[in-house]
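Geometric and topological summary
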Amino acid sequence: MKVRWHREVALAIGLACLPAAAGAAELGERRVTLGGFGTLGAIYHDAEDREYRRSTAQGEGAKASEVDFETDSLIGLQINASWNQQFETVLQAVSRSDEYGSWRPRLTRGFLRWYPDPSLMLRAGRIGHELLPRADSRDIGYSYLPIRPSVEVFGVLPRDEIDGADISYTHEIGEGIGRIKMFGGETGGTVVFADGSHGSLSGSKLWGGSIEYLYESWTVRLSTGVFLRGQEPPVDPLIAALRQAGTPESQELADEFAEKDRRTSFLVFGAAYDEAPWQLRLFLVQAEGDHSPTPKLRNGTLLAGYNLGRATPYASFSAIDSYAEIRGTGLPDTPQFAALNAAARQAQTASQPQQHSFAVGLRYDIAPKVDLKVQIDQVRLRGSNLLLDRHSPPDDYDDMTVFGLALDFIF
Amino acid sequence: MASLLPHLLAVLVALLPGTIGAARAEPLVVIVNPASGVEKLSREEAVNIFMGRYRKLPSGILAFPIDIGSQSPERQQFYRLLVRKDLPEIDAYWARLVFSGQTSPPLQAPDGATAVQLVASNRSAIAYVDRALVDARVKVVIDFGRAAKP
């Protein structure tokens, strides 16, 4: 309630501060523009007991043998208000299916941007972060080729924004452009695990930086960041049971689960090539948590598209794999301890997805600022928490095919 | 039949996505304000400015790019010449930058004459227009018509 109140006040203050001379077209004068983006998407698959979703922030997904319109659909509105050539205010709200299946609009951007110099940019407020390359535009379906960004890469982080600040410095290096960026702030959101249980990330901190080099059609980027979880995972009864069990292994596991200072470090490489008619993207991520059950993951995606005028066929491969050791309790797997052993294992595997997918699709630009996409995803997974599986996730690899259709637009 | 072949080829070439913009009669030029301190601009510098990568003129001052319309023939031709991309690709590119909150797109002037007026009255402004609209109030720093000739 308190958080909601702050958001509404921030929005009201932002709107009240908008420049008065809306629509002025002269350079350097105050100018207000209203824009928006949206996707109407449909998903179909027939994998029983499984719900396909595009991120762990979604509490409901596409169910088997039903045409789902909620997973990929969303709408967003944005107001840009330029005060002069140096200052600009941006406000953005997005409505989409969230962790409770609600479509309540959420303030996703609300910041002041300042260009003190052509090389320097500072932003403060609610800003998008780019810990993962282009994560801050993952809701803008019109801006990329596939129906949805790689679930295996972008679906892990529930939010792409922080309440904080960033600073970037751009300079010519050789014949290209170099850019260094640093960001930091508070982030939140909720992770919905495969069994439908929720884990709050409110009060978490995220900071990091990136270096980027743009040369002709190439962009190469290296970024790093640290995510500091603000709340303990909801495993208190499990911690108590492990302490009671009394084995050295169960004690160590209980200490790990009870650790409050949980950091996950990220190292990310991104490369993009845009030279007509080709579009290529390669993103590689390593995420390593320092205390169980935080994740230890390697994920990545490769996308290739070939423009044929209005039509652009594309194909992508994405994968996520966990390299975390699943530790035992030291207790025998007898009926007496079976439930505790299973709960300890479940707590460790809940953040350790193993999944990969191959997608082929076609984007067709049917009108100015409107596209239509059709896509087929072949997904292979084992115990993945990227999808919802309210039953016990299978230990062996399982396959599912997902059919998608989407209409993207901007205005 | 043989005499028809060149005409058919010409029609096919004109229909290719990459050549739609090039069918315009007037060559485009990139113009700046004479007080900007800029004498000439490389294609790569124009890419950096108009694609929002680095908005700085070679003289060191802020660059303020101007587009002509949203779906105008001039805009279509300019981005084909500059980065070999059609307008849907350019619009998709800007959708990412604008709605992620990273930067703003070029200001949109309704027509070439307005773009010339804006450049003539602003030291930082830079725009592309038909060469026929150029007058003494602005300076040409890229001439695509000349650049296209061997």
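Residues numbered from 1 in each chain as written. Chains lettered and ligands numbered in written order. Predicted model: local features only at pLDDT ≥ 70, side-chain atom pairs only at ≥ 80, totals over all residues.

1. Quick word on the overall build of chain B
Quick reminder of the rule: Runs of H or I in DSSP of at least four residues are treated as helices and runs of E of at least two as strands, each being numbered from the N terminus. The burial label depends on the number of other C-beta atoms within 10 Å of a residue's C-beta. Counts of 20 or more mean buried, 12 or fewer mean exposed, and intermediate counts mean partly exposed, with C-beta atoms placed from the backbone.
For chain B, the count of helices and strands is six helices and five strands. Within chain B, the fraction of its 150 residues that count as buried is 45%.

2. Topic: the nonpolar core
Formally: Here a nonpolar core is just a set of buried residues of the types Ala, Val, Leu, Ile, Met, Phe, Trp, Tyr and Cys, joined wherever their C-beta atoms sit within 7 Å.
Core analysis: the largest hydrophobic core is formed by 44 residues, its most contacted members being Val 30, Ile 31, Ala 95, Ala 115, Val 119, Ile 126 and Ala 127 of chain B. Mapped by element, the contributors of at least two residues to this core are β1 (28–32), α2 (43–50), β2 (64–68), α3 (73–83), α4 (87–99), α5 (112–120), β4 (125–130) and β5 (139–143) of chain B. Here this core gets six residues from one element, more than from any other, and that element is α4 of chain B. Val 90, Phe 111, Leu 132 and Phe 283 of chain A belong to the second-largest nonpolar core, a separate cluster that totals 24 residues.

3. Re the interface of chain B and chain A
Counted only if it meets this: We call two residues in contact whenever the C-beta atoms placed from their backbones are within 7 Å. Side-chain classes are defined by residue name, with Ala, Val, Leu, Ile, Met, Phe, Trp, Tyr, Cys and Pro counting as nonpolar, Asp, Glu, Lys and Arg as charged, and the others, Gly among them, as polar.
The partner chain A presents 33 residues to the 29 residues of chain B that form the contact. If you list the elements that add at least two residues to the side of chain B that touches chain A, you get α2 and α4 of chain B. In terms of residues, the side of chain B that touches chain A owes the most to one element, α4 of chain B, which gives nine residues. Here the side of chain B that touches chain A is composed, by residue class, of 13 nonpolar, seven polar and nine charged.

4. Some words on α3 of chain B
Residue and element names in this part refer to chain B. In terms of burial, α3 is a largely internal element, 10 of the 11 residues being buried. Among all positions of α3, only Glu 74, Arg 75, Gln 76, Gln 77, Phe 78, Tyr 79, Arg 80, Leu 81, Leu 82 and Val 83 are buried. Just beyond α3, the residue with positive phi is Arg 84, at close to 55°.

5. Comments concerning the packing of helix α3 (residues 236–245) of chain A against helix α4 (residues 248–258) of chain A
Residue and element names in this part refer to chain A. Where we set the bar: Lines fitted to the C-alpha atoms define the axes, with helices restricted to the stretch that makes contact. Angles between their N-to-C directions range from 0 to 180 degrees. Orientation categories follow fixed angle ranges, with anything under 35 degrees roughly parallel, anything over 145 roughly antiparallel, 65 to 115 roughly perpendicular, and all other angles oblique. By definition, turning the near helix anticlockwise from the far helix through less than a right angle yields a left-handed crossing, and turning it clockwise yields a right-handed one.
The contact between α3 and α4 brings their axes to 8 Å, and the two run at 155°. In terms of orientation, α3 and α4 fall into the roughly antiparallel class. As α3 runs across α4, the sense of the crossing is left-handed. Contact residues: α3 offers Leu 238, Ile 239, Leu 242, Arg 243 and Ala 245, while α4 offers Ser 250, Gln 251, Leu 253, Ala 254, Phe 257 and Ala 258. Partitioned by chemical class, the residues of the contact of α3 with α4 number eight nonpolar, two polar and one charged.

6. Points about the sheet that holds β1 of chain B
Residues and elements named next belong to chain B. How we decide: By the convention used here, strands pair only if DSSP detects at least 2 bridges between them.
An order of β3-β2-β4-β1-β5 is seen for the five strands of this open sheet, with the pairing classed as mixed. Single-partner strands in this sheet number two, and they are β3 (107–109) and β5. Across this sheet, the average inter-strand angle for adjacent strands is 35°, counted without regard to direction. Those strands touched by α3 are β1, β2 and β4, and its axis lies near 90° from that of β1. The strands touched by α5 within the sheet are β1, β2, β3 and β4, with β4 carrying the most contacts at an inclination of about 150°.

7. As for the pairing of strand β15 (residues 311–322) of chain A
Residues and elements named next belong to chain A. On β15, burial follows the alternation: Thr 312, Tyr 314, Ser 316, Ser 318, Ile 320 and Ser 322 on one face are buried, whereas Ala 311, Pro 313, Ala 315, Phe 317, Ala 319 and Asp 321 on the facing-out side are not. Bridge analysis of strand β14 (residues 296–306) against β15 gives nine bridges, and the strand direction is antiparallel. Looking across to β15, one finds that Asn 299 is bridged to Ile 320. Hairpin connection of β14 to β15: four residues between the antiparallel strands, including Gly 309 at a positive phi of 90°. In this sheet, strand β16 (residues 354–367) lies alongside β15 in antiparallel orientation, the contact comprising 10 bridges. Its bridge partner being in β16, Ala 319 is matched across the sheet by His 356.

8. What to know about unusual backbone geometry
Residue Ala 276 of chain A is joined to Pro 277 of chain A through a cis peptide bond whose omega torsion reads 5°. Structurally, Pro 277 of chain A is set in the loop between β12 (263–275) and β13 (278–289). In the Ramachandran plot, Glu 216 of chain A falls in the positive-phi region, its phi being about 50° despite a non-glycine side chain. Looking at the element boundaries, Glu 216 of chain A is found in the loop between β10 (204–215) and β11 (218–228). Look at Glu 216 of chain A and you get partly exposed, because 14 C-beta atoms sit within 10 Å. Its identity as a non-glycine residue notwithstanding, Arg 84 of chain B has a phi of 55°, on the positive side. Structurally, Arg 84 of chain B can be placed in the loop between α3 and α4. Owing to 16 C-beta atoms within 10 Å, Arg 84 of chain B belongs among the partly exposed residues under this scheme.

9. Concerning α5 of chain B
Residues and elements named next belong to chain B. This is how it is decided: Taking the helix axis as origin, the arc is that swept by the directions to the C-beta atoms.
Along α5, the residues that are buried comprise Gly 112, Ala 115, Val 116, Leu 118 and Val 119. Buried residues along α5 cover an arc of 165° about the axis, so they all sit on one side. Taken together, the buried residues of α5 touch β1, β2, α3, β3 and β4.

10. Concerning the pairing of strand β18 (residues 398–410) of chain A
Residues and elements named next belong to chain A. Two elements, strand β1 (residues 31–44) and β18, share eight bridges in a ladder whose sense is antiparallel. The partner of Thr 39 across the bridge, within β18, is Asp 408. Alignment of strand β17 (residues 370–382) against β18, held across 12 bridges, turns out to be antiparallel. Its bridge partner being in β18, Val 379 is matched across the sheet by Met 400.

11. Section: the confidence of the model for chain B
All names here are of chain B. To keep things clear, this is the line we draw: Confidence of the predictor in every single residue is expressed as pLDDT, which spans 0 to 100.
Taken as a whole, chain B shows an average pLDDT of 84; of its residues, 81% reach a score of 70 or greater. Within chain B, the lowest mean pLDDT, 41, falls on helix α1 (residues 4–15), and the highest, 97, falls on β4. Contacts from residues 1–23, a stretch scored under 50 in pLDDT, to residues over four places away or in other chains number 14 contacts. Across the interface, the model reports ipTM at 0.87; the global pTM reads 0.86.

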